[in-house]
Amino acid sequence: MTAFPTSETSATARALSPIDGRLLAEVPTASIDEVDAVVATARTAFEQWSEQTPFERSTILQECAARIRSVAGDVARLLTLESGKPLPEAEFEVMAAADVFDYYAALVRTRGGRLAPQMSRNATSIVIKEPIGVVGAILPWNYPLLLWSWKAAPALAAGNTVISKPSPETMLSLPLLLESLDLPVGVHQIVQGGGDVGEALVRHRGVDKIAFTGSSAVGKKIMALCAQDARRCSVEMSGHDAMIVWDDVDLDLAVEAALFAKFANNGQVCTAAERFFVRDTIIDEFTERFAARMAQLVIGDPLDPRTDVGPLVGEAHRQRVADYCRRAREAGGEILLGGTSIDGPGAFFEPTLIRGLSHEAVNDLGEIFGPVAPVTPISTFDEGIAFANDNRFGLSCNVLVGDLGLAMKAAWALKVGTVWINNPLPDNYAAPFGGFREAGLGRELGEEGLDAYTESKHVWIEHGLTEQPHWYGARHAPIETAR
């Protein structure tokens, strides 16, 4: 496989760097006929790949992890150039993808079927886990390698073949990474293109499951298309996550936690804190310190190790964030810091702090996906939980609190897929990730992430062919009477 797969058509897409707008590559895009050919190749490869034992696939995945680490430097640099995220964050993403392959290489060696409790002394029930078939993975631009690994590693470990479609904003880093993996032909392929190519993959009857990360609007469309013929899908969609800051924590540490929760990858994170609910007794001091630290963030070339925040992914997204700030002003918000684009080349936007918006107004403004932090006061801890839950999404929530009782109350009361207490945004590959309500359907990571790419089959084994008491002949047999 080459770094930029060729296409029989002449159609190409331009990969532009959000750092300065320069052209990085002209990438061949797939036609609908080429999608058919890719799916056919995946189906052929599935016949042999699914026959590999879990131990054989595990060994291959371990080798994949080692190969990812061997090219991490080059892949991370390309990821920074195409996405704008600071190089340390890109390096972390590549290494984390390798860790995910290692995790599933180990898990598939120990997690398979099971022996179900017996219903009869003369019968044994076993549960067999089988691969689903061909998986279509539709990837986002914000973490194109990490979220690819969350799909590809468990799918491959379970015995499926995979077709990945990168986002048009980040088309370059995944092909470069895959070039190093040396997987059997057809086991993992890439199709490049826009929404038409993605829809062709979703609609294709030869694709047995779709795994998607992206917007709520697209995720709902994918679910509807898959429902037409009852094909499997898992979708991780939008988030509008909250952070609750209580008054019993160290304020300086709370500010540092809030800074990371908001500005990691410039706020372009599905689990980024987008609604800050701060105890009213400390909100003035918190806001003042938060603004001071935001002003110290180094904005610039993401290849420079001193940079904290790089550009947004592209000009269209920068305009979207600017429009959010405009609507926030119209809704009564006061922009205390930032709120405008930064002049010069690249899709840079100022870190922004907003006060004066009600909880309802923040909800109405919707997902930000950028470097904007609206701060709203709360008078009680219960109010913070209620505000956090009062949202059509339920992906995750951060809580900064010293009281263990309140922390555990939040853990149980928050209706989200992940609750982070006193440490925002860490991933645990052995724990499930996904959302409640409109945030998504299904789970990635952990044992649940492997099960998502299998079908469960029950096999009942009677220890010998003997007549059963519920069969018709036995039911109607004459009853012998005692003499």
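Residues numbered from 1 in each chain as written. Predicted model: local features only at pLDDT ≥ 70, side-chain atom pairs only at ≥ 80, totals over all residues. Heavy atoms only, no water.

An unreviewed UniProt entry lists the protein chain under the name Acyl-CoA reductase, with Agromyces cerinus subsp. cerinus as the source organism. Under the heading Sequence similarities (unreviewed entry), UniProt records this for the protein chain: "Belongs to the aldehyde dehydrogenase family." (UniProt positions renumbered as here; feature names shortened; annotations may be inferred.)

Engineer: Is there a simple way to explain the sheet that holds strand β7 (residues 188–190) in this structure?
Structural biologist: Where strands meet in a sheet, backbone hydrogen bonds hold them as pairs that are either parallel or antiparallel. Strand order in this open sheet of six strands is β7-β6-β5-β8-β9-β19, and the pairing throughout is mixed. Edge strands, defined here as strands with exactly one partner in the open sheet, are β7 and β19 (440–441). Across five bridges, the pairing between strand β5 (residues 134–138) and strand β6 (residues 161–165) is parallel. Each residue of the ladder has a partner; that of V134, found in β6, is T161. Of the strands in this sheet, β5, β6 and β8 (209–213) touch helix α7 (residues 195–203), which is tilted by about 155° from β5. (Pairing = 2+ DSSP bridges. Helix = DSSP H or I, 4+ residues; strand = E, 2+ residues; numbered from the N terminus. Contact = heavy atoms within 4.5 Å. Axes fitted to C-alpha atoms, helices over the stretch in contact; angles between N-to-C directions.)

Engineer: Just checking my understanding: could you explain the domain arrangement of the protein chain for this structure?
Structural biologist: Reports often express the size of an interface as the amount of accessible area lost when the parts come together. When the domains of the protein chain are assigned, the result is domain 1 (12–237 + 435–460) and domain 2 (241–421). Residue-level contacts link 24 residues of domain 1 with 31 residues of domain 2. For the pair domain 1 and domain 2, the summed buried area comes to about 2300 Å², and 60% of that belongs to carbon and sulfur atoms. A per-residue breakdown of the area domain 1 buries against domain 2 is headed by I19, W141 and R437, which together make up 25% of the total. At the junction of domain 1 and domain 2, the tally comes to one salt bridge. (Domains from an automatic or database assignment. Buried area = accessible area lost by both parts, 1.4 Å probe. Salt bridge = Lys/Arg side-chain N within 4 Å of Asp/Glu carboxyl O.)

Engineer: Would you take a moment to explain the sheet that holds strand β3 (residues 114–116) for this structure?
Structural biologist: As summarised here, the arrangement of the three strands in space is β3-β4-β20, forming an open sheet in which the pairing is antiparallel. The open sheet is flanked by β3 and β20 (454–462), the only strands paired with a single partner. Within the sheet, the average angular offset between the axes of one strand and its neighbour, ignoring direction, is 30°. In this structure, β3 lies alongside strand β4 (residues 123–131), joined through three bridges in antiparallel fashion. The partner of L115 across the bridge, within β4, is I126.

Engineer: Would you mind showing me how to read the packing of helix α2 (residues 54–70) against helix α4 (residues 87–110) here?
Structural biologist: Helix-helix packing is characterised by the crossing angle of the two axes and by the distance between the axes. Where α2 meets α4, the axes come as close as 8 Å, and the angle between the chain directions of the two elements is 165°. As judged from the angle between their axes, α2 and α4 are roughly antiparallel. Considering how the two elements wind past one another, α2 and α4 form a crossing that is left-handed. Along its contact with α2, which presents P54, F55, S58, T59, L61, Q62, C64, A65, I68 and R69, the element α4 presents V94, M95, A98, D99, F101, D102, Y104, A105, A106, V108 and R109. Across the contact of α2 with α4, the residue classes tally to 14 nonpolar, three polar and four charged. (Parallel < 35°, antiparallel > 145°, perpendicular 65-115°, else oblique. Left-handed = near helix turned anticlockwise from the far one by under 90°. Nonpolar A, V, L, I, M, F, W, Y, C, P; charged D, E, K, R; others polar.)

Engineer: Just to check I follow, could you spell out the packing of aromatic side chains for this structure?
Structural biologist: What characterises a pair of aromatic rings is the spacing of the ring centres plus the angle enclosed by the ring planes. Inspection of every chain in the model, using the stated rule, returns eight aromatic pairs. Ring plane angle 80° and centroid distance 4.8 Å describe the contact between Y103 and Y104, whose orientation is recorded as edge-to-face. The burial state of Y103 is the same as that of Y104; both residues are buried. Put simply, the rings of F276, F286 and F290 pair up and form one aromatic cluster. The cationic tip of K85 hangs over the ring face of Y143; the distance from NZ or CZ to the ring centre is 3.8 Å. Above the ring of Y453, the side-chain terminus of K209 is found at 4.3 Å from the ring centroid. (Phe/Tyr/Trp six-rings, centres within 6.5 Å; stacked < 30°, edge-to-face > 60°. Buried < 20%, exposed > 50% of the residue type's maximum accessible area, 1.4 Å probe, protein only. Lys NZ or Arg CZ within 6 Å of the ring centre and 35° of its normal.)

Engineer: Which parts of the structure should I look at to understand the pairing of strand β16 (residues 396–400)?
Structural biologist: As a general feature of sheets, a regular strand has side chains that alternate between the two faces. Counting buried positions along β16 gives five out of five residues, so the element sits mostly inside the fold. Burial along β16 is two-sided: S396, N398 and L400 and C397 and V399, pointing in opposite directions, are all buried. Examined bridge by bridge, β16 and strand β17 (residues 418–421) share four bridges and lie parallel to one another. Across the sheet, S396 pairs through a bridge with T418, a residue of β17. In this fold, β16 hands off to helix α14 (residues 404–413), which returns the chain to β17; that crossover is right-handed. (Right-handed = clockwise from strand over helix to strand, strands pointing away.)

Engineer: Looking at this structure, I do not really get the nonpolar core. What am I missing?
Structural biologist: The nonpolar side chains of a soluble globular protein tend to be buried with one another. Residues L61, I68, F101, Y104, W148, L156 and L181 are the most contacted members of the largest nonpolar core, which totals 63 residues. Top element by residues in this core is α4. It accounts for twelve residues. There are two domains that each give this core at least three residues, and those are domain 1 (12–237 + 435–460) and domain 2 (241–421). Sequence-distant contacts of L181, defined by excluding residues within four places in its chain, comprise C64, R67, I68 and W148. By size, the runner-up hydrophobic cluster in this structure holds 25 residues, among which are A257, A258, F286 and A373. (Core = buried A, V, L, I, M, F, W, Y, C linked by side-chain atoms within 4.5 Å.)

Engineer: Looking at this model, I keep getting lost on the environment of L147. Mind explaining?
Structural biologist: In this structure, L147 sits in helix α5 (residues 146–158). Accessibility expressed as a relative area gives 5% for L147, which makes it buried. Residues L147 and S456, spaced 309 residues apart in sequence, show a C-alpha to C-alpha distance of 25 Å. In this structure, L147 is in contact with L139, P140, N142 and T213, ignoring residues within four places of it in sequence.

Engineer: Explain the environment of R111 to me, please; I cannot follow it from the model alone.
Structural biologist: Residue position: R111 is located in the loop between α4 and β3. On the basis of relative accessible area, R111 is assigned to the partly exposed category, the value being 29%. Between the C-alpha atoms of R111 and E447, which are 336 residues apart in sequence, the distance is 8.1 Å. Here R111 is in contact with E447, L450 and D451, once residues within four sequence places are set aside. Of note is the side chain of R111, whose polar atom sits 3.0 Å from the side chain of E447. At a separation of 2.6 Å, a polar atom in the side chain of R111 contacts the side chain of D451. (Polar contact = N/O pair within 3.5 Å; in protein donor to acceptor, adjacent residues only side chain to side chain.)

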